[in-house]
Amino acid sequence: MKPYMLEVHEDGLAVFTINRPEKRNAISYEIMDGLGEALAAAEEDQIKALVITGAGDKAFCSGGDLSSFHQLKTEEEAFEMLNRMSELLVRLFFLPKPTIALLNGIAVGGGCELASACDFRLARKEVNAGFIQGTLAITTGWGGGTFLSERVTSSNAMKMLMEACLYNSDELKDMGFIQSVYTGDPIESCRTFLNKMLVLEGDVLKSYKGMFIRKWKEAGVEERVKQEVRNCAVLWQGEAHHKQVDKFLKK
Ligand SMILES: CC[C@H](C(=O)O)C(=O)SCCNC(=O)CCNC(=O)[C@H](O)C(C)(C)COP(=O)(O)OP(=O)(O)OC[C@H]1O[C@@H](n2cnc3c(N)ncnc32)[C@H](O)[C@@H]1OP(=O)(O)O
């Protein structure tokens, strides 16, 4: 079974699905490769919008694959992985067309960072999500803290990062993290959310997205992400982090 899928629909919707439900759609290096492929495809003119989602109904994404990344011990080893994923998320953040994180299930840690790199977040009613990195004695390491601060108010961004806890879909909507809650078929719900946009010319969507790209570049998003990655890498090498990860893996 391929760990990711990319479907391109006739209406210009591209859907990238993380297909590791048995590992709650944790992000491995292979998923990073797949995300790179999806971004390359999404940059093609016939694609009007890119959706990121997860397979199954338990998880959107549970963040980095701890069974793989726990082997990264030093700051430099961690930085290499963190930086690689952060560069993919910056490319997603600056994609010149609408991007949607379709939260089919729980989103934690790096899963929330992936969701924050998208312009919009839609969540199934029962979904919980949270930036739980703090409980692992690290901070966001893929740029998600920077992306979040461009999506919601500074107070709500700081609250979500510093509380490092899970919120339900009502709380997520109140804080502005998700734009819409759905109950039916995920892709159809996504189409309903996008239907007014998808009837417009791709160039119109691209031009409007360009307005926000210019704003984010002026706000130094790329430099802020680099610093965020470096900050996480420093904390990563700490004993407190390795202890928390070992606790999860031994459960
Ligand atoms: C910068 C980003 C940062 C980084 O990686 O550097 C992070 O993302 S830090 C945060 C990393 N993620 C986590 O700490 C989340 C860990 N997972 C969980 O807390 C739970 O699995 C949860 C809440 C996502 C789902 O709970 P549920 O009870 O539904 O499932 P299980 O816990 O029983 O897990 C089922 C199965 O999946 C494996 N699993 C889940 N998450 C991960 C993960 N992130 N990496 C690797 N494997 C994961 C879990 O071990 C179970 O496997 P099994 O072989 O069946 O025991």
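Residues numbered from 1 in each chain as written. Predicted model: local features only at pLDDT ≥ 70, side-chain atom pairs only at ≥ 80, totals over all residues. Heavy atoms only, no water.

In the annotation of an unreviewed UniProt entry, the entry for the protein chain reads Ethylmalonyl-CoA decarboxylase, and the organism field reads Cytobacillus praedii. Its UniProt record gives the protein chain the following Function (unreviewed entry) comment, quoted word for word: "Decarboxylates ethylmalonyl-CoA, a potentially toxic metabolite, to form butyryl-CoA, suggesting it might be involved in metabolite proofreading. Acts preferentially on (S)-ethylmalonyl-CoA but also has some activity on the (R)-isomer. Also has methylmalonyl-CoA decarboxylase activity at lower level." What UniProt states about the protein chain under its Sequence similarities (unreviewed entry) heading is, verbatim, "Belongs to the enoyl-CoA hydratase/isomerase family." (UniProt positions renumbered as here; feature names shortened; annotations may be inferred.)

> Please give an account of the pattern of salt bridges that cites residues and values.
Applying the stated rule across the entire model yields 16 salt bridges. One salt bridge connects E150 with R224, and the closest N-O pair in it is separated by 3.0 Å. Of this pair, E150 sits in the loop between α5 (144–149) and α6 (154–163) while R224 is found in helix α10 (residues 221–236), placing the two residues 74 residues apart along the sequence. Connected through shared salt-bridge partners, D11, E188 and R191 make up one network. (Salt bridge = Lys/Arg side-chain N within 4 Å of Asp/Glu carboxyl O. Helix = DSSP H or I, 4+ residues; strand = E, 2+ residues; numbered from the N terminus.)

> Please provide a residue-by-residue account of the site of the ligand, values included.
Near the ligand you find 24 residues, and of these K23, R24, S62, L66 and G110 are the closest. Separating a nitrogen atom of the ligand from a backbone N or O atom of S62 is a distance of 2.8 Å. Measuring from a nitrogen atom of the ligand, one finds a backbone N or O atom of L66 at 2.9 Å. If the ligand stood free it would expose 1000 Å²; the protein chains cover 73% of that surface. Assessed atom by atom at 2 Å from the grid points, the ligand resides in the largest pocket. Looking at the shell around the ligand, the elements with two or more residues in it are α2 (66–69), α3 (75–93), β6 (106–108) and α4 (110–116). Residue composition of the shell around the ligand, by class: eleven nonpolar, seven polar and six charged. (Near = heavy atom within 4 Å. Polar contact = N/O pair within 3.5 Å; in protein donor to acceptor, adjacent residues only side chain to side chain. Areas by Shrake-Rupley, 256 points an atom, 1.4 Å probe, with all protein chains shown as cover. 1 Å grid on protein atoms, 1.4 Å probe; cavity = no way out; pocket = protein on both sides within 12 Å on 5 of 7 lines; lining within 4 Å. Sits in = over half its atoms within 2 Å of the grid points. Nonpolar A, V, L, I, M, F, W, Y, C, P; charged D, E, K, R; others polar.)

> Kindly report on the packing of aromatic side chains, identifying the contributing residues and their values.
Tallying each qualifying case throughout the model produces nine aromatic pairs. Here F94 and W216 contribute two aromatic rings whose centre-to-centre distance is 6.4 Å and whose plane-to-plane angle is 75 degrees, an arrangement assigned as edge-to-face. With F94 in the loop between α3 and β5 (99–103) and W216 in helix α9 (residues 202–218), this pair connects stretches of sequence that are 122 residues apart. Per residue, the accessibility class of F94 equals that of W216, and both read buried. Centroid distance F120 to F193: 5.2 Å. Interplanar angle 65 degrees. Geometry classified as edge-to-face. Of this pair, F120 sits in strand β7 (residues 120–124) while F193 sits in helix α8 (residues 186–198); the two residues are 73 residues apart in sequence, bridging distant segments of the chain. For F193, a relative accessible area of 24% puts it in the partly exposed group. Taken together through their ring pairs, the aromatic side chains of F93, F94, F147, F212 and W216 make up a single cluster. Cation over ring: R121 sits above F177, and NZ or CZ is 5.1 Å from the ring centre. The side chain of K217 reaches across the aromatic face of F94, ending 4.3 Å from its centre. (Phe/Tyr/Trp six-rings, centres within 6.5 Å; stacked < 30°, edge-to-face > 60°. Buried < 20%, exposed > 50% of the residue type's maximum accessible area, 1.4 Å probe, protein only. Lys NZ or Arg CZ within 6 Å of the ring centre and 35° of its normal.)

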